[in-house]
Amino acid sequence: MDTSFKQYFMREAVNAALKGMNNNEGGPFGCVIVKDGKIVGRGNNKVTSTNDPTAHAEVMAIRDACKNLGVFQLDGCELYTSCEPCPMCLGAIYWARPDKIYFGSNQQDAADIGFDDEFIYKEIPLPYEKRSIPFEQLGRDIALEPFQKWSEKEDKTPY
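What this report covers is the structure whose coordinates are included nearby.

Here is what the cut-offs are and how they apply
- Residues numbered from 1 in each chain as written.
- Predicted model: local features only at pLDDT ≥ 70, side-chain atom pairs only at ≥ 80, totals over all residues.
- Heavy atoms only, no water.
- Core = buried A, V, L, I, M, F, W, Y, C linked by side-chain atoms within 4.5 Å.
- Buried < 20%, exposed > 50% of the residue type's maximum accessible area, 1.4 Å probe, protein only.
- Helix = DSSP H or I, 4+ residues; strand = E, 2+ residues; numbered from the N terminus.
- Contact = heavy atoms within 4.5 Å.
- Phe/Tyr/Trp six-rings, centres within 6.5 Å; stacked < 30°, edge-to-face > 60°.
- Lys NZ or Arg CZ within 6 Å of the ring centre and 35° of its normal.
- Salt bridge = Lys/Arg side-chain N within 4 Å of Asp/Glu carboxyl O.

Further remarks concern the nonpolar core. In terms of nonpolar packing, the biggest core is built from 16 residues, with Cys31, Ile33, Ile62, Ala65, Leu74 and Leu79 touching the most fellow members. The set of elements that each furnish at least two residues to this core consists of β1 (30–35), α3 (57–69), β3 (77–83) and α4 (87–96). No other element matches the 5 residues that α3 contributes to this core. Other than its neighbours up to four places away in sequence, isoleucine 62 contacts Ile33, Leu74, Leu79, Ala92, Ile93 and Ala96.

Quick look at the packing of aromatic side chains now. Taken as a whole and assessed by the stated rule, the structure comprises 6 aromatic pairs. Taking the centre distance of 5.3 Å and the plane angle of 65° together, the rings of tyrosine 8 and phenylalanine 9 count as edge-to-face. The side chain of arginine 131 reaches across the aromatic face of phenylalanine 135, ending 4.6 Å from its centre.

For the rest of this paragraph, the subject is α4. Turning to α4, its buried residues are Pro87, Cys89, Ile93 and Ala96. Within two residues after α4, arginine 97 carries a phi angle of roughly 60°, on the positive side.

Turning our eyes to something else, we now look at the pattern of salt bridges. For side chains of opposite charge, pairing can occur when their charged atoms come near one another. Enumeration according to the criterion identifies 2 salt bridges in this entry. Across the pair arginine 42 and glutamate 12 runs a salt bridge whose closest N-O atoms are separated by 3.0 Å. On the criterion of sequence distance, the pair formed by arginine 42 in strand β2 (residues 38–44) and glutamate 12 in helix α1 (residues 3–22) is long-range, its members being 30 residues apart. The salt bridge involving aspartate 155 is made with lysine 153; its shortest N-O contact spans 2.7 Å. Looking at lysine 153, the relative accessible area reads 38%, which means it is partly exposed.

These values are about where atoms sit, not about what they do.
Take a look at the structure:
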């Protein structure tokens, strides 16, 4: 795909960010997902309008694309996002498995206007007891039951 098409799709992601922001749906973030040269998913940040802290632009676009395509993985797709993904969106993107990601602004640009994810990156390598939200393992023996059953399940859909 040539640069002008890529620029067009990035502009669509930016337009989604602007539209959502202007409609007071959430922060200034937008995303589109493209397959075979066509937009198959769109999303903008809707955290504040839906009271959903996971309603980031990339997550919304992934949900939209998967629904529209009838799939749970985005093979053959490219994701265009107006800003470098946060840690949550990065995880969602890896689970969705698109072929490539294009991003506009970066982490520092987002931090400069109050969207700083640095603290999350710092939390990940910390031992559970040193994290700002305490983690404690509980009931591992009973929690392993679904994993055992999954391992034995013959009609599962692997992913």
